Amino acid sequence: MAGIESTSAEIDLDRPNLEEYLPPDSIHGRDSPKNLHLRDLLDISPTLTEAAGAIVDDSFTRCFKSNSPEPWNWNIYLFPLWCLGVVVRYGILFPLRLFTLLLGWIIFWAGFIPAHILLKGQDKLRRKIERNLVEMMCSVFVASWTGVVKYHGPRPSMRPHQVFVANHTSMIDFIILEQMTAFAVIMQKHPGWVGFIQKTILESVGCIWFNRTEVKDREIVARKLREHVQGVDNNPLLIFPEGTCVNNQYTVMFKKGAFELGCAVCPIAIKYNKIFVDAFWNSKKQSFTMHLLRLMTSWAVVCDVWYLEPQYLQPGETAIEFAERVRDMIAARAGLKKVPWDGYLKYFRPSPKLTEKKQQIFAEDVLRRLEK
Amino acid sequence: MGNSSSMLTQYDIEEVQEHCNHAFSQQEILSLYNRFCQLDRNSGGFVSTDEFMSVPEFAVNPLAQRLLRMVDGLNFKEFVAFLSAFSPRTTPWQKIEFIFKVYDLDCNGKVTFDDILSILRDLTGSFMSEQQRQKVLAHVFEEAGLLPDSSLGLSDFIKIFGSSELKMEVEVPID
């Protein structure tokens, strides 16, 4: 920087300070606090840089970005091929799939309604039939998107004192897992036809409802979870600890609720192959119906499901540490990147405590330097 | 999301580049446009306060409210100009000018003791009492040879920052 003229009133500013010859650093948390000068107080560049950095790119928004594949139909040879593909997908595959789906529904209700009404007394038999029907219906669903699912690892068995956790990309995660094993699941109550299905069918496999916006809800849900895992006859419980759909390239923080039930936690990792279709359900951008239609007009839904080794709370480990350990396992298996954000930040603002933390660090540093 | 860069013509990019004094390359401007469209969820042509606050990393920043006053409702061209202070291509003087603007909330070209106190309040919250803040500020003002009622202009800021380096850069990711 060029030299600057100084007037008599500000001559003190040009007094050579040793600090000016040392490498510059921020006013935030340093090991050896130095004297406080006006320049240090005015220099808010670290805080501003953090803010600008967040505006330009942030790890939270990246988790919910749908990655549309590069259009490959851009030249004279590929475009007609692509058009042919569209015709096949919308004109041939879609009607076939829709027909399969409707047929499946008819068969399902034809079995479910009689079983539900007639076998009211014989609970064990009724539940067995309903469970099988639900598994069948899920298989029909998977067939309706030409789902190619590869399951790795031992199939979940029906025992008490275990809970299954998986990463969450779309509600179809549940369908894909359900076709192999009738899980009980904890879900957010949805409106529309999904809500109707939740109420009627999913009740039979044993579901727990929660409401994100209810604060007291958390304790009630925690109690219901604990009761469920202890029941011998209950279906194994499936929980998506992220609490929201993430785009299958990242994982957000796991909520600790599933990890403090005092039982085995069996991780499941799910990874979708993006080449065929992006299975991420961006619930803010499209309804579930539109999402399903998109899947039904794609070539296929290809994914891998890994059933990982059951984990237990280690002595001296907190529930949060346990959750992070399991998240590490799932992220490593499915090739996902971890971000340190709570998925609920999609719906709520961050807690002011985070800002207060920063303020505290800054204030303590200033006071420490002032005392010198 | 789709290929939103197709909505920005070469002419648009050059206009934006002019406006920010070539602080960003054309590639960076394209990236910033994608980011702008991503933040502007309701496609209103500008990013609202709510949309900025939905970025948790931004919302937890102690100076978020202050910056929102400067950046709320800007169109893309102005948005890039705002961010240009953080480009490695801008001079330290331009960066100091940006910092000055953050302090000079009423845009009268002068930063007073109270203006600096206000920012100190944002940065320290409830972890310093008002008395402590005033004491700190009075102390550094005195040490710098300034009276408590003096107001600082941009040239004073430049003198105060002196020749020490200012690290104020962000990297625009180019995909």
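What you see is a predicted model, and the numbers here were worked out from it, not measured in a lab. (Residues numbered from 1 in each chain as written. Chains lettered and ligands numbered in written order. Predicted model: local features only at pLDDT ≥ 70, side-chain atom pairs only at ≥ 80, totals over all residues. Heavy atoms only, no water.)

**Regarding the state of the cysteines**
All names here are of chain A.
- A full pass over the atoms with the stated rule returns zero disulfides over all chains.
- Summary of cysteine pairing: Cys-63 is not part of a disulfide, and the nearest cysteine sulfur, belonging to Cys-245, is at 13 Å.
- In this structure Cys-245 comes out as buried when scored by relative accessible area, which is 7%. (Disulfide = S-S within 2.5 Å. Buried < 20%, exposed > 50% of the residue type's maximum accessible area, 1.4 Å probe, protein only.)

**Thoughts on the confidence of the model for chain B**
Residues and elements named next belong to chain B.
- Residues at a pLDDT of 70 or more form 96% of chain B, whose mean pLDDT is 89.
- Per-element averaging of pLDDT across chain B places helix α10 (residues 154-161) at the bottom with 89 and helix α6 (residues 76-83) at the top with 94.
- Long-range and interchain partners of residues 1-6, a stretch whose pLDDT sits below 50, account for ten contacts in this model, where long-range means more than four residues apart.
- The ipTM value of the predicted complex is 0.92, and its pTM value is 0.79. (pLDDT = per-residue confidence, 0-100. Helix = DSSP H or I, 4+ residues; strand = E, 2+ residues; numbered from the N terminus. Contact = heavy atoms within 4.5 Å.)

**Notes on the packing of aromatic side chains**
Residue and element names in this part refer to chain A.
- As enumerated under the stated definition, the model contains 29 aromatic pairs over all chains in all.
- Ring geometry for Trp-105 versus Phe-141: centroids 5.8 Å apart, planes at 90°, classification edge-to-face. Of this pair, Trp-105 sits in helix α5 (residues 78-118) while Phe-141 sits in helix α6 (residues 123-144), and the two are 36 residues apart along the sequence.
- On the accessibility criterion, Trp-105 (15% relative accessible area) is buried.
- A connected cluster of aromatic rings, assembled from ring pairs, spans Trp-105, Phe-108, Trp-109, Phe-112, Phe-141 and Phe-196.
- Above the ring of Tyr-344, the side-chain terminus of Lys-255 is found at 3.9 Å from the ring centroid. (Phe/Tyr/Trp six-rings, centres within 6.5 Å; stacked < 30°, edge-to-face > 60°. Lys NZ or Arg CZ within 6 Å of the ring centre and 35° of its normal.)

**Brief notes about helix α2 (residues 26-39) of chain B**
- Under the 1.5 Å per step criterion, the end-to-end length of α2(B) is 20 Å for 14 residues, consistent within 8% with the ideal 20 Å.
- Three or more residues of α2(B) are buried, namely B:Glu28, B:Ile29, B:Ser31, B:Leu32, B:Tyr33, B:Arg35, B:Phe36, B:Gln38 and B:Leu39. (Expected span 1.5 Å × (residues − 1).)

**Some words on the confidence of the model for chain A**
- Predicted confidence across chain A gives a mean pLDDT of 83, with 90% of residues reaching 70 or more.
- Note that residues 1-31 of chain A has pLDDT below 50 and, in this model, 46 contacts with residues that lie over four places away or in other chains.

**Quick notes on unusual backbone geometry**
- The backbone of A:His161 sits at a positive phi, close to 60°, despite the residue not being glycine.
- The residue A:His161 is located in the loop between β1 (147-152) and β2 (162-166) in this model.
- Backbone geometry at B:Ser43 places phi at a positive 50°, although glycine is not the residue there.
- Inspection of the secondary structure puts B:Ser43 in the loop between α2 and α3 (49-53).

**Observations concerning the interface of chain A and chain B**
- Listed as interface residues are 54 residues of chain A and, on the opposing side, 69 residues of chain B.
- Interface of chain A and chain B: buried area, both sides summed, is about 5,800 Å²; carbon and sulfur atoms make up 69% of it.
- At the junction of chain A with chain B, the criterion picks out two salt bridges.
- A salt bridge links B:Arg35 to A:Asp58; its shortest N-O distance comes to 2.7 Å.
- Taken together, the links from chain A to chain B amount to 13 residue pairs in polar contact (both at pLDDT 80 or more).
- Every element with two or more residues in the side of chain A that touches chain B is listed here: α2 (38-42), α3 (45-56), α4 (59-62) and α13 (352-371) of chain A. (Buried area = accessible area lost by both parts, 1.4 Å probe. Salt bridge = Lys/Arg side-chain N within 4 Å of Asp/Glu carboxyl O. Polar contact = N/O pair within 3.5 Å; in protein donor to acceptor, adjacent residues only side chain to side chain.)

**Topic: the packing of helix α7 (residues 92-103) of chain B against α10(B)**
Residues and elements named next belong to chain B.
- It is at 10 Å that the axes of α7 and α10 come closest, and there the two elements cross at 120°. On the basis of the axis angle, α7 is oblique to α10. α7 and α10 meet at a crossing whose hand is right-handed. Facing α7, whose interface residues are Trp-93, Ile-96, Glu-97, Ile-99, Phe-100 and Tyr-103, α10 presents Leu-154, Phe-157, Ile-158 and Phe-161.
- Across the contact of α7 with α10, the residue classes break down as nine nonpolar, no polar and one charged. (Axes fitted to C-alpha atoms, helices over the stretch in contact; angles between N-to-C directions. Parallel < 35°, antiparallel > 145°, perpendicular 65-115°, else oblique. Left-handed = near helix turned anticlockwise from the far one by under 90°. Nonpolar A, V, L, I, M, F, W, Y, C, P; charged D, E, K, R; others polar.)

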